[in-house]
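# An overview of the molecular structure
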Amino acid sequence: MRETVGYMTVERVYLLGFMGAGKTSVGRALASQLGWSFVDLDAEIEHSQKMAIRDIFEKSGEAHFRRIEHEQLVRLSGRPHVVIALGGGATIDPENRLVVDSTGATVWLNVSFETAARRVSMDGTRPLFRDPDHAQRLYESRLPIYKLARIHVVADNRSPGEIAVEVAERVQEL
Ligand code: S3P
């Protein structure tokens, strides 16, 4: 046995899903249950650029943001025993999907659009959550990509701790 919980063949857990799915709060709870470290990809991007995500988008555009996101993901994918909360668009890039699929277990936190919209404050911190109609189209266009995750977890109306317990159990079954 290598971990604090059960037999784990997995070295990393990647949490994915739409903005407002709870990736960061579930990620923290999961990391503490597993005795692993937690990293938030968006926070790493901000730290590496010394700039908020919305400013990166504003100053240099989305394509530039996606390049940094890819670089940071590749860097983090070498860390042992880590739970990584991805940004909502991180696995749209097929290269990023190769990275996460080859280095860990992917978990989709599946929330309804209504839950996501309620949780995300429309204060401009998320440049791609501009208005409800645009965000809903984005949500729908991404569902097929999120469904490629190895584990699907319903994340509506549940606490981060409760979701993390289910994720930990399901990851140990892999
Ligand atoms: C994005 C989601 C954000 C952040 C950026 C782009 C997206 O992360 O990476 O604003 O494309 O869905 P969260 O999902 O953590 O809000």
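Our subject is the structure that appears above.
Structure report, in brief. All values reported here derive from a predicted model rather than from experimental measurement.

Relative to the assigned elements, Lys-23 resides in helix H1 (residues 23-34). Under the relative-accessibility criterion, Lys-23 is labelled buried at 9%. In this structure the C-alpha to C-alpha distance between Lys-23 and Arg-150, which are 127 residues apart in sequence, comes to 16 Å. Of note is the side chain of Lys-23, whose polar atom sits 3.0 Å from the backbone oxygen of Phe-18.

This part covers helix H7 (residues 132-146). Taking 1.5 Å of rise per residue, 15 residues should cover 21 Å, and H7 covers 20 Å from first to last C-alpha, within 8% of that figure. By the burial criterion, the buried members of H7 are His-134, Ala-135, Leu-138, Tyr-139, Arg-142, Leu-143, Ile-145 and Tyr-146. Between the side-chain oxygen of the N-cap and the backbone nitrogen of Asp-133 there are 3.0 Å, and the N-cap of H7 in question is Asp-131.

Let us look at the packing of aromatic side chains. Enumeration over the complete set of coordinates arrives at 7 aromatic pairs. Measuring from centroid to centroid gives 6.1 Å for Phe-18 and Phe-129, while their planes differ by 50°, and the two rings are tilted. Of this pair, Phe-18 sits in the loop between strand S1 (12-16) and H1 while Phe-129 sits in the loop between helix H6 (113-119) and H7, and the two are 111 residues apart along the sequence. The burial state of Phe-18 is the same as that of Phe-129; both residues are buried.

As a further point, take the site of the ligand. Taken together, 13 residues surround the ligand, and among them Lys-23, Asp-42, Arg-66, Arg-126 and Arg-142 come closest. Asp-42 places a polar side-chain atom, nitrogen or oxygen, 2.7 Å from an oxygen atom of the ligand. In this structure, Arg-126 approaches the ligand through a side-chain N or O atom, which is 2.7 Å from an oxygen atom. Protein burial of the ligand: of its 380 Å² of free accessible surface, 95% is covered by the chains. Tallied by class, residues from the shell around the ligand come to 5 nonpolar, 3 polar and 5 charged.

Let us look at the sheet that holds strand S5 (residues 151-154). A sheet is described by the order of its strands in space; here 5 strands give the open sequence S2-S3-S1-S4-S5, paired in parallel fashion. With partners counted over all chains shown, the strands left at the sheet margins are strand S2 (37-40) and S5, one partner each. Taking the axes of each pair of neighbouring strands and ignoring which way they run, one obtains an average angle of 20° across the sheet. Pairing of S2 with strand S3 (residues 82-85) involves 4 bridges; the strand directions are parallel. In the sheet register, Ser-37 faces S3, and the bridge partner there is Val-82. Along the sheet face, H1 touches S1, S2, S3 and strand S4 (105-110) and points at about 165° away from the line of S2. Along the sheet face, helix H8 (residues 160-172) touches S1, S4 and S5 and points at about 160° away from the line of S5.

What counts and how
- Residues numbered from 1 in each chain as written.
- Predicted model: local features only at pLDDT ≥ 70, side-chain atom pairs only at ≥ 80, totals over all residues.
- Heavy atoms only, no water.
- Helix = DSSP H or I, 4+ residues; strand = E, 2+ residues; numbered from the N terminus.
- Buried < 20%, exposed > 50% of the residue type's maximum accessible area, 1.4 Å probe, protein only.
- Polar contact = N/O pair within 3.5 Å; in protein donor to acceptor, adjacent residues only side chain to side chain.
- Expected span 1.5 Å × (residues − 1).
- Phe/Tyr/Trp six-rings, centres within 6.5 Å; stacked < 30°, edge-to-face > 60°.
- Near = heavy atom within 4 Å.
- Areas by Shrake-Rupley, 256 points an atom, 1.4 Å probe, with all protein chains shown as cover.
- Nonpolar A, V, L, I, M, F, W, Y, C, P; charged D, E, K, R; others polar.
- Pairing = 2+ DSSP bridges.
- Axes fitted to C-alpha atoms, helices over the stretch in contact; angles between N-to-C directions.
- Contact = heavy atoms within 4.5 Å.

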